[in-house]
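So you can see what is in the structure, the chains are spelled out below.
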Amino acid sequence: MSLADRFADWRNRLIANQDFQSWAVRNPFTRGVARQKTKATFDLVAGFVYSQVLSATVESGLLEAVRASPVTAADFAARSGLPEDGALRLLRAAAALDLLRVRADGRFSLGEAGAALLGNPAVFAMIRHHKAFYRDIADPLALLRARTPETELSRFWAYTASASDTDAAAYSALMAETQALIAQNVLAAYDFRRHLTVMDVGGGLGAFLTAVGTAHDSLNLVLVDLPPVVKLAEAKLSATPLWPRFRIEPRDMLNDPLPQGADLITLVRVVHDHDDGPVRQLLASARKALAPGGKLLIAEPMAGIPGAEAMADAYFGFYLWAMGRGVPRRPADLQKLLQDAGFRHIRQLKTAQPLLVSAIIAS
């Protein structure tokens, strides 16, 4: 056992002792830390309630209401259809979470956390989508007993070539709505100007390629996804100025050969949605499809990134389990999979928001 492990074990045995906890709260030198730890522990206990306050805030249109002007409980009750005491309860809860702030005159206006949410509209789509996720994890141990559970998420993310237009539209729209910040981070982390043709595999409605093509007007753009998805993408993209630079390729990326010749293939939030077997097959297919000297870019949230541990192993760990496939991977895990597929030059890229997305380039 390492010295760090021995110290951690000793420290945690001490912290678990009730007498020590009582002493730490009373001692002026440890009181501040003890109170912080108590709050952090309670936040873990109350986290689901906090998420439901956030959900109610979004669903009721509260943030948009207070952005226009401060509100009273009576104002918001009239707008939302809630009884006035229910509206006040939500307003106070949202203020406690910094989504709102209470003004000197008693009215409620936008808080710092609420302002940050309004600056990232894609988060609203995920918050609304989380209703299904929360139902799936209502009994987490029951969920974990079934590796391929029958859940709302597994039905929502039913990637099949025979998916209905309605199903394809639902999951494709969610991915498109949450793509803007991902694309922004990837574009800042990697120089796309060295390439001629970018092929985005599993590219949905083309949101990522649209961002790439807008930033670099010399690139040819190839979109690969399931037939019902690219049908929707074509209808959307054909009305844009970028359409002449697009080529649409309806393929099942896990079963069909990928189109040949692109000198950059991108997999954006694709790899972590699948187990190792399908990923090995996809990476080998991508390597075979690349033009000589071409590169593969993987961009997605990754585990083992400092500051992103809870996001990867707690949030995505359970989200992907509820989907019935996929796993949060560390960069070293992805490097091994890439090496198995024949890639030899593999480099991790620095992104501005690693909590949101990390990236790896391979050739």
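The rules behind these values
Here the residue numbers are simple positions, counted from 1 along each chain's written sequence. Totals for whole chains, interfaces and linings use all residues, but because this is a predicted model, local features are given only for residues with pLDDT of at least 70 and pairs of side-chain atoms are given and counted only at 80 or more. Only hydrogens and water are set aside when side-chain values are computed; all heavy atoms of the structure are taken into account. By the criteria applied, helices consist of DSSP H or I runs no shorter than four residues and strands consist of E runs no shorter than two, each listed in order from the N terminus. The cut-offs for exposure are 20% and 50% of the maximum accessible area for each residue type, with area from a 1.4 Å probe on protein chains only; residues under the lower value are buried, those over the upper are exposed, and the others partly exposed. Residue contacts are defined here by distance: any two heavy atoms, one from each residue, within 4.5 Å place the two residues in contact. Areas reported as accessible are Shrake-Rupley estimates using a 1.4 Å probe. Residue values count occlusion only from the protein chains shown. By convention a nonpolar core is built from buried Ala, Val, Leu, Ile, Met, Phe, Trp, Tyr and Cys residues, the set being connected through side-chain atoms within 4.5 Å. In this count, Lys and Arg are taken as positive residues and Asp and Glu as negative ones, while His and the chain termini are left out. Salt bridge, as used here, is a side-chain nitrogen of Lys or Arg placed within 4 Å of a carboxyl oxygen of Asp or Glu. Directions drawn from the helix axis to the C-beta atoms are what define this arc. Paired strands, as defined in this entry, are two strands with at least two bridges between them according to DSSP. Axis definition: a line fitted to C-alpha atoms, limited for helices to the stretch in contact. Angles are taken between N-to-C directions and run from 0 to 180 degrees. If the strands point away from the viewer and the path from the first strand over the helix to the second runs clockwise, then the crossover is right-handed. Side-chain rings of Phe, Tyr and Trp, where Trp is taken by its six-membered ring, are said to pair if the distance between their centres is within 6.5 Å; with planes under 30 degrees apart they count as stacked, over 60 as edge-to-face, and otherwise as tilted. Just so you know how the angles are binned, under 35 degrees is roughly parallel, over 145 roughly antiparallel, 65 to 115 roughly perpendicular, and the rest oblique. By convention the crossing between two helices is left-handed if the near helix lies anticlockwise of the far one by an angle smaller than a right angle, and right-handed if it lies clockwise. How far a helix is expected to stretch is found by multiplying one less than its residue total by 1.5 Å. Values of bend correspond, residue by residue, to the angle between axes fitted over the seven residues ending at that residue and the seven starting there.

## Remarks on the overall build of the protein chain
Move 1: When its secondary structure is counted, the protein chain shows 17 helices and nine strands.
Move 2: Counting over 363 residues, the protein chain shows a buried share of 43%.
Move 3: For the protein chain, restricting intrachain contacts to residue pairs at least 6 apart in sequence, the fraction spanning at least 24 positions comes to 65%.
Move 4: Carbon and sulfur atoms provide 57% of the accessible area of the protein chain, an area that totals close to 18,800 Å².

## Observations regarding the nonpolar core
Move 1: With 46 residues, the main nonpolar core has M199, V201, L258, I265, L267, L283 and L296 as its most contacted residues.
Move 2: Listed in part, the 27 residues of the second largest apolar core include Y190, V230, L297 and A299.

## Focus: the side chain of D200
Move 1: Residue placement: D200 occurs in strand β3 (residues 197–201).
Move 2: No salt bridge is formed by the buried D200. Its closest oppositely charged neighbour is R269, at 9.3 Å.

## A word on helix α17 (residues 331–340)
Since there are 3.6 residues in each turn of an α-helix, residues three or four apart along the chain are aligned in direction.
Move 1: Restricting attention to buried positions, one finds in α17 the residues P331, L334, L337 and L338. All buried residues of α17 fall inside an arc of 120 degrees around its axis, so they share one side.
Move 2: The secondary structure elements touched by the buried residues of α17 are α15 (276–289), β7 (295–300), β8 (346–349) and β9 (358–362).
Move 3: Looking one or two residues beyond α17, the residue adopting positive phi is G342, at roughly 105 degrees.

## Focus on the sheet that holds β3
Strand-to-strand pairing in sheets goes through backbone hydrogen bonds, with the strands running parallel or antiparallel.
Move 1: Spatial ordering of the open sheet is given by β5-β4-β3-β6-β7-β9-β8, a layout of seven strands whose pairing is mixed. The open sheet has two edge strands, β5 (246–250) and β8, and neither has a second partner. Across the sheet, the axes of successive neighbouring strands diverge by a mean angle of 20 degrees, strand direction being ignored.
Move 2: The sheet contact formed by strand β4 (residues 220–225) and β5 spans five bridges and is parallel. Directly across from L221, in β5, lies its bridge partner F246.

## Some words on the pairing of β7
Move 1: Across the six residues that make up β7, a large majority, five, are buried.
Move 2: When strand β6 (residues 264–268) meets β7, the two strands line up parallel, connected through five bridges. Residue L267 lies in a different strand from β7, and its bridge partner there is I298.
Move 3: On the question of chirality, the crossover connecting β6 to the parallel β7 by way of α15 is right-handed.

## Here's the deal with the environment of R128
Move 1: Here R128 is to be found in helix α8 (residues 122–136).
Move 2: Here R128 is in contact with V58 and E59, once residues within four sequence places are set aside.

## Looking at the packing of aromatic side chains
Move 1: Inspection of the entire model under this criterion finds 12 aromatic pairs.
Move 2: Aromatic pair F133 and Y315: ring centres 5.8 Å apart, planes at 90 degrees, arrangement edge-to-face. Residue F133 is located in helix α8, and its partner Y315 is located in helix α16 (residues 309–323); the two are separated by 182 residues in the primary sequence.
Move 3: By relative accessible area, which is 4% here, F133 ends up buried.
Move 4: Taking the relative accessible area as the measure of exposure, Y315 reaches 26% and is therefore partly exposed.

## A look at the pattern of salt bridges
Move 1: The final tally for this structure, using the stated rule, is 12 salt bridges.
Move 2: Two residues, D43 and K39, come together in a salt bridge whose shortest N-O distance is 2.8 Å. Taken together, the positions of D43 and K39, both in helix α3 (residues 31–59) and four residues apart, correspond to about one turn of that helix.
Move 3: Taking relative accessible area as the criterion, K39 reaches 53% and is therefore assigned exposed.
Move 4: When salt bridges that share partners are traced, they join R247, E249 and R251 into one network.

## A short note on the packing of α15 against α17
Move 1: Contact pair α15 / α17: the axes reach a minimum separation of 9 Å and the direction vectors enclose 50 degrees. With respect to α17, the element α15 is oriented oblique. α15 and α17 meet at a crossing whose hand is right-handed. Counting all contacts with α15, which are made through D276, V279, R280 and L283, the residues of α17 involved are L337, L338 and D340.

## Quick look at α16
Move 1: Taking 1.5 Å as the rise per residue, α16 with 15 residues should run 21 Å; its terminal C-alpha atoms sit 20 Å apart, in good agreement.
Move 2: Most pronounced at F316, the bend in α16 amounts to some 35 degrees.
Move 3: Inspection of α16 places M311, A312, F316, Y319, L320, A322 and M323 among the buried residues, and these make up the whole buried set.
Move 4: Looking at the buried side of α16, the elements it contacts are α8, α9 (140–144) and α10 (152–156).
Move 5: Following α16 by one or two positions, G324 has its phi on the positive side, about 95 degrees.

## Some remarks on the pairing of β4
Move 1: Most of β4 sits out of view: five of its six residues are buried.
Move 2: Of the pairings in the sheet, the one linking β3 to β4 comprises five bridges and is parallel in character. Considered in β4, the bridge of M199 is made with V222.
Move 3: Handedness of the β3-helix α13 (residues 207–215)-β4 crossover: right-handed.
Move 4: This β-α-β element, β4 to helix α14 (residues 227–237) to β5, shows right-handed connectivity.

Any functional reading would require information that these geometric values do not contain.
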